[in-house]
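# Remarks on the overall topology
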Amino acid sequence: MCGIVGYLGKNAAPRIYAALKKLEYRGYDSAGIALLSDGKFTVRKKVGPVAGLKIADLAGNCGVGHTRWATHGAPTEQNAHPHVYGRFAVVHNGIIENYRTLKEECLARGEVFSSETDSEVIAHMLEHSYRGDLLEAVRAVTARLVGSYALAILCSDCPETVALAREKSPLIVGRGHVGLWCASDVPALAEKGMQLYPLGDGEFAVLHGDEAAFYDRDGAPLEKKPTLCDAARDTPEKGGFLHFMRKEIAEIPSVLRRRPHALTACGGFYEALCAAEHIGITACGTAYHAGLAAKYAFERLARMPCEVSFAGEYRYYEPIVPEKTLMLAVSQSGETADTIAAARLAKERGAVVAAVVNEEKSTLAALADFVVPVGAGREIAVAATKSYAAQVLTLDSMAASLAERRGLRGYGDLLKELPDLAEETLSVGEGVRAWVAHFLSARSVYFIGRGVDYAAALEGSLKLKEISYLPSEGYPASELKHGTLALIEAHTPVVAVLTSEALAEKTMNAVHEVTARGASVFLVTTVRACAETPGLAGAVLLPQCGDVFSPAISVIPLQLLAYYVSLARGNDPDRPRNLAKSVTVE
Ligand code: AGP
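To keep things clear, this report deals only with the structure shown in the data block. Note that this is a predicted model, so its numbers are computed, not measured. (Residues numbered from 1 in each chain as written. Predicted model: local features only at pLDDT ≥ 70, side-chain atom pairs only at ≥ 80, totals over all residues. Heavy atoms only, no water.)

The secondary structure content of the protein amounts to 19 helices and 25 strands. Computed over C-alpha atoms, the radius of gyration of the protein comes to 25 Å, within 12% of the 25 Å expected from 2.2 N^0.38 for 586 residues, which places it in the range of a compact globule. Referenced to the eigenvectors of the C-alpha coordinate spread, the extents of the protein come out at roughly 75 × 50 × 45 Å. Here the protein, with 586 residues, has 61% of them falling under the buried criterion. Here the analysis covers contacts within the protein between residues at least 6 apart in sequence; of these, 71% occur between residues at least 24 apart. Per element, the accessible surface of the protein, about 22200 Å² overall, is 51% carbon and sulfur. Counting 60 positive and 68 negative side-chain charges, the protein places the averaged centre of each group 2 Å from the other. (Helix = DSSP H or I, 4+ residues; strand = E, 2+ residues; numbered from the N terminus. Rg over C-alpha atoms; globule rule 2.2 N^0.38 Å. Buried < 20%, exposed > 50% of the residue type's maximum accessible area, 1.4 Å probe, protein only. Contact = heavy atoms within 4.5 Å. Areas by Shrake-Rupley, 256 points an atom, 1.4 Å probe, with all protein chains shown as cover. Lys, Arg positive; Asp, Glu negative; His and termini not counted. Charge placed at Lys NZ, Arg CZ, Asp CG, Glu CD.)

Our focus in this paragraph is helix α9 (residues 285-302). For α9, spanning 18 residues, the distance from its first C-alpha to its last is 25 Å, which sits close to the expected 26 Å at 1.5 Å a residue. Most of α9 is tucked away, with 13 of its 18 residues classed as buried. Phi turns positive, to about 50 degrees, at arginine 303, one or two residues after α9. (Expected span 1.5 Å × (residues − 1).)

This part covers the nonpolar core. In terms of nonpolar packing, the biggest core is built from 92 residues, with Phe269, Ile279, Phe298, Leu328, Met398 and Phe439 touching the most fellow members. Built from parts of two domains, this core gets at least three residues from each of domain 2 (236-409) and domain 3 (425-574). If we skip the residues at most four places from it in the chain, isoleucine 279 touches Leu273, Phe298, Met304, Pro305, Cys306, Glu307, Leu326 and Leu328. Tyr99, Ala137, Cys158 and Val206 belong to the second-largest nonpolar core, a separate cluster that totals 29 residues. (Core = buried A, V, L, I, M, F, W, Y, C linked by side-chain atoms within 4.5 Å. Domains from an automatic or database assignment.)

With antiparallel pairing, eight strands are arranged side by side in an open sheet as β3-β2-β4-β1-β10-β9-β11-β15. With one partner strand each, in any of the chains shown, β3 (40-47) and β15 (227-228) form the two edges of the open sheet. With six bridges joining them, strand β1 (residues 3-8) and strand β4 (residues 62-68) adopt antiparallel strand pairing. Opposite tyrosine 7, over in β4, you have glycine 63 as the bridge partner. (Pairing = 2+ DSSP bridges.)

In this section: the packing of aromatic side chains. A complete count under the given rule lists ten aromatic pairs for this structure. Look at tyrosine 288 and phenylalanine 310: their rings are 3.7 Å apart centre to centre, the planes differ by 20 degrees, and that puts the pair in the stacked class. Of this pair, tyrosine 288 sits in helix α9 while phenylalanine 310 sits in strand β17 (residues 306-310), and the two are 22 residues apart along the sequence. Overall, tyrosine 288 belongs to the buried group, its relative accessible area being 10%. (Phe/Tyr/Trp six-rings, centres within 6.5 Å; stacked < 30°, edge-to-face > 60°.)

Interhelical geometry of helix α16 (residues 452-468) versus helix α19 (residues 551-568) gives an angle of 20 degrees and a closest axis separation of 9 Å. By the angle between their axes, α16 is roughly parallel relative to α19. For α16 against α19, the interelement crossing comes out right-handed. Mapping the contact onto sequence places Val452, Ala456, Glu459, Gly460, Lys463, Leu464, Ile467 and Ser468 in α16 and Pro551, Ser554, Val555, Leu558, Gln559, Ala562, Tyr563, Val565 and Ser566 in α19. Of the residues assigned to the contact of α16 with α19, the class counts are ten nonpolar, five polar and two charged. (Axes fitted to C-alpha atoms, helices over the stretch in contact; angles between N-to-C directions. Parallel < 35°, antiparallel > 145°, perpendicular 65-115°, else oblique. Left-handed = near helix turned anticlockwise from the far one by under 90°. Nonpolar A, V, L, I, M, F, W, Y, C, P; charged D, E, K, R; others polar.)

The values reported here are purely geometric and, on their own, carry no functional implication.
Below, the structure written as structure tokens:
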């Protein structure tokens, strides 16, 4: 949530502007830039995305910028960062949980605030604490902050200097061919060969001229070795598609093809998996749905008990961690605050923790005992698509390996077929375009399925609601008659997922029940006879993918449906309102 950038070097404003645009996936409620030149700040802010921020007349070689996902205070110009007070301009990503107490202190000194944000208090405290040593002031202030922060700070007494601090929100320093950078994430720094220095929790940095100095929590100097930026991975383009989301859906077959199934290559992970007697999966949103899909694989294929939890809930229900638990913390970004906290807690309680991540250089990866990359490649659209398919396949591969190891059955051939089946599904899935008109003004939409299809239904529903803004729910088909059926009326769209031959009759019973009450039913199925059922409003016949690993395939038409409905409703599918790609706050 929120993207921050700092730059030291010639012509700072357009460079910061361009870098901010690459961080908009972290929030786009408002944007702002502050430049420091001749001891004075020039600040520009606007509501909405970065585009249109007036920077043409901004001259200077030192500045900071921010793209915001609002937490405290509405998305207004006043609440946009940078926040300037006295000699300080501050951009912040994170949440200061004790800001009210700190603000009271500032107000008692007679200071006047110009925003409703938690972040502005940092600029006030810096002004109060500064005695001529910038690093000392930053250390003194951050020592009093409770919560999470990545901070980039300008001080009008310190020309050509940006001070940085990090606690639980990502921040990376980059040394390019020209200039010194800092940013919340690598895409903002994606220049071939740029040297990258990620800050750890509790660390500080001071960028001055062309020098970057790093410090630990106690202020002692730190030596950091850089890694080199992989520009090809870190600067994705739309590649001829209108939106990243559509491109990322199209990439699913190649992602599945690329994904190495060799869990043995993950530094001892395979041994930890085989030694486990209990699997925990913790995650949020789409990653949680991938975990639910995998629960069926772990329990059905490998007869391994598997418990799936919402990471944000796990933290607070005093979880029991059975002995020999392997906790799989699943996260595309590896920066989701709740998933990180749940993984930490599981570790404290004795679990072995594996981070199942798309971003291998993430906070979650750094704290885990093992890292299992899902290998989806960088995902830009806020709605997760290819990363879901990659997560499902990665988790299912674990279940399949365990099943094999336990002498139950080999699933290698089935897994190998998935990329081709995904390719075929992409093409038949386009059939959902004909369904779009039925959804445009629906009051609510329902996604149903049983067994593993229920997990896919949940993900289909999440996708639709997040980018089309239509109220939508996912239910086990068996649950409808226990309440939800009351909501079905004439033309209510119901999307049913059916990949399990064994449960076909049961799911079709629910289809008939809602059809009888006037619903328009759309079926996504591998069962030809079901696809040909009279009275359906639409059907997509998937290739035979079995029902074990099917969510990686059956999700494709659901993702396409969400995409086309979003477009038809005039939304931007890549940037749904109120959301951000990485949820780095609790
Ligand atoms: C997916 O479309 C969502 N944008 C969201 O649910 C996401 O999956 C969730 O926030 C978890 O993110 P993570 O995988 O980066 O941890």
